[in-house]
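Summary of the model geometry
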Amino acid sequence: MDPLQLFRDISQHPADYARQWKTRTGGKVVGNFCSYTPQELIVAAGALPYRILGSGADISRADSYLQAYCCSLVRGSLEDALAGRLEFLDGAVFPHTCDSIQRLSDIWRMNTGFGFHADIILPVKLDTESAVDYMVSVLRRFRQDLEKGLGVTLTDARLADAIRICNQVRQLLATLYELRRTRPGVIGGSDLHAVFRAALVMDRVELAEALATLVDQLAAAPQSQDESTKRIVFSGGLCSMPDIYRVVEEAGGRVVWDDFCTGARYFEGLVDETREPIQALTERYRERVVCPAKHAGIYNRGTYLLEKVKENRADGVIFLFLKFCDPHGFDYPYMKAMLDKEGIPSIMFEIEDQLSSEGQLRTRCEAFLEMI
Ligand code: SF4
Ligand code: SF4
């Protein structure tokens with residue numbers, strides 16, 4: 001099957017993919033909410049790490065448990081769980097990042113009835129010496145939780161295999177981004193969106209194979225004529241990821257990089273395969289670019305964004321936040337100020353999970369791209 005078609009199909013029906021995977025393999029599916037979930041441990045336990053992104057269905061049941069000012073990802077995911085749309089899950093994992101995800105963990109544990117439930121309480125400050133020992137102990141504890149909760153033995157050999165396959169996936173996604181960066185027309189924004197959405201739920205071995213085929217196909221594709229459009233970098237906190245790429249393309253731009261947890265932050269930095277596995281996982285978390293719910297220096301995220309803008313010769317930055325996302329909202333003023341100082345145009349959009357205000361977004365996007 002054409003790998004792009006496979007990614008498109010899975011991105012449209014991720015839950016169906018998980019159900020079929022379960023029937024096919026007899027394995028367990030572990031839901032998770034964040035790029036700080038150590039997916040390698042879940043893979044090593046023989047389970048499928050399934051990123052819960054919310055189906056976009058109307059929210060009613062979740063409103064009995066969550067305030068209306070929680071982001072649409074958190075409310076939508078709880079709605080899906082309460083409505084029985086995530087019945088294939090054998091459990092879920094909650095890394096402690098933003099307040100909303102932390103509180104969702106408690107509500108989920110008490111009201112959804114999935115078997116396995118784990119909190120991964122990583123430190124907030126990642127750049128201290130004591131953070132290393134602490135993170136190692138948290139990951140070891142999670143390993144034990146998985147063994148007990150899923151009834152498996154998680155050996156070092158299986159963990160080494162899982163680290164290897166997850167690294168392969170990261171490298172292939174990075175190659176895809178590199179192809180898109182140097183030849184922006186090589187893959188359409190919607191297709192890249194589909195690849196990522198599917199990558200977050202697919203069996204990692206199947207994913208690596210499909211990505212390798214796709215990368216080979218794209219590398220061999222003829223050069224696109226459409227290389228002179230405005231180059232845009234996205235920045236923000238789309239823990240869930242609507243197809244915003246299409247909106248930018250239709251307004252005459254091309255996204256050449258992003259700073260999303262469901263984008264570049266997901267694949268940047270490899271786990272060192274030569275080190276003791278848990279130490280190596282810890283080290284990657286310390287070194288990867290942080291999300292605003294973590295801390296690794298006051299200007300860390302702004303400095304990273306400036307680097308990416310320059311490296312990718314971007315004409316402007318579009319900040320995208322889910323409505324009511326406080327962590328990203330808090331970082332925005334200083335990041336914008338850093339861009340302003342360098343004369344880099346930017347604009348900020350607050351959106352809901354399902355692009356309900358797409359018309360307005362399109363108009364503002366067109367105006368921004370005309371202006372830069
Ligand atoms: S912004 Fe990224 S790191 Fe933070 S909660 Fe969302 S997925 Fe996790
Ligand atoms: S979008 Fe923001 S508030 Fe919502 S889960 Fe992600 S970090 Fe938390």
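Note that the structure is a prediction, hence the values are computed from the model and not measured. (Residues numbered from 1 in each chain as written. Chains lettered and ligands numbered in written order. Predicted model: local features only at pLDDT ≥ 70, side-chain atom pairs only at ≥ 80, totals over all residues. Heavy atoms only, no water.)

Quick word on the overall build of the chain
As a reminder, the rule being used: What counts as a helix is a DSSP run of H or I of at least four residues, what counts as a strand is a run of E of at least two, and both are numbered from the N terminus. For the radius of gyration, the atoms used are the C-alpha atoms, and the globule rule reads 2.2 Å times the number of residues raised to 0.38. A 1.4 Å probe rolled over the protein chains alone gives each residue an accessible area, and that area as a share of the maximum for its type sets the label: buried under 20%, exposed over 50%, partly exposed in between. Two residues form a contact once any of their heavy atoms are found within 4.5 Å. Calculation of accessible area relied on Shrake-Rupley with a 1.4 Å probe; when residues are assessed, cover is drawn exclusively from the protein chains displayed.
Scanning the chain from terminus to terminus reveals 15 helices and eight strands. For 372 residues, the compact-globule estimate of 2.2 N^0.38 gives 21 Å, and the C-alpha radius of gyration of the chain, at 20 Å, lies within 12% of that figure. Taking the principal axes of the C-alpha coordinates as reference, the chain spans close to 55 × 45 × 45 Å. Looking at the chain as a whole, 57% of its 372 residues are labelled buried. Pairs at least 24 apart in sequence give 74% of the contacts found in the chain among residues at least 6 apart. Summed over its atoms, the accessible surface of the chain is roughly 15100 Å², and 50% of this surface lies on carbon and sulfur atoms.

A word on the confidence of the model for the chain
Test applied: pLDDT measures how confident the predictor is about each residue, on a scale from 0 to 100.
For the chain, per-residue confidence averages 91 on the pLDDT scale, and residues scoring 70 or more make up 96% of the total. Ranking the elements of the chain by mean pLDDT puts helix H10 (residues 244-250) last, at 85, and helix H3 (residues 39-44) first, at 98.

Details of the sheet that holds strand S1 (residues 29-32)
Formally: A strand pair is defined by DSSP finding two or more bridges across the two strands. Axis lines are fitted through C-alpha atoms, for helices just across the contact stretch, and the angle between N-to-C directions can take any value from 0 to 180 degrees.
Taking strand neighbours across the sheet as the criterion, the four strands line up as S2-S1-S3-S4 in an open arrangement whose pairing is parallel. Pairing within the sheet leaves two strands with one partner each, and these edge strands are strand S2 (48-51) and strand S4 (116-120). In this sheet, adjacent strand axes meet at a mean angle of 25 degrees when their direction is disregarded. Bridging between S1 and strand S3 (residues 91-95) involves three bridges; their strand directions are parallel. Across the sheet, residue Gly31 finds its bridge partner in S3, namely Ala92. Sitting on the sheet, helix H2 (residues 14-25) is in contact with S1 and S2, with an inclination near 165 degrees to S2.

Quick word on the pattern of salt bridges
Once the charged atoms of two side chains with opposite charge are near each other, the side chains can pair. In plain terms, the rule: Take a side-chain nitrogen of Lys or Arg and a carboxyl oxygen of Asp or Glu: if they are within 4 Å of each other, that pair is a salt bridge.
Applying the stated criterion across every chain yields a total of 26 salt bridges. A salt bridge links Lys22 to Asp90, with the shortest nitrogen-to-oxygen separation between them at 2.8 Å. Pair noted here: Lys22 is in helix H2 and Asp90 is in the loop between helix H4 (72-82) and S3, with a separation of 68 residues, a long-range link. Its relative accessible area of 22% is what places Lys22 among the partly exposed residues. A salt bridge links Asp340 to Lys336; the shortest N-O distance between them is 3.1 Å.

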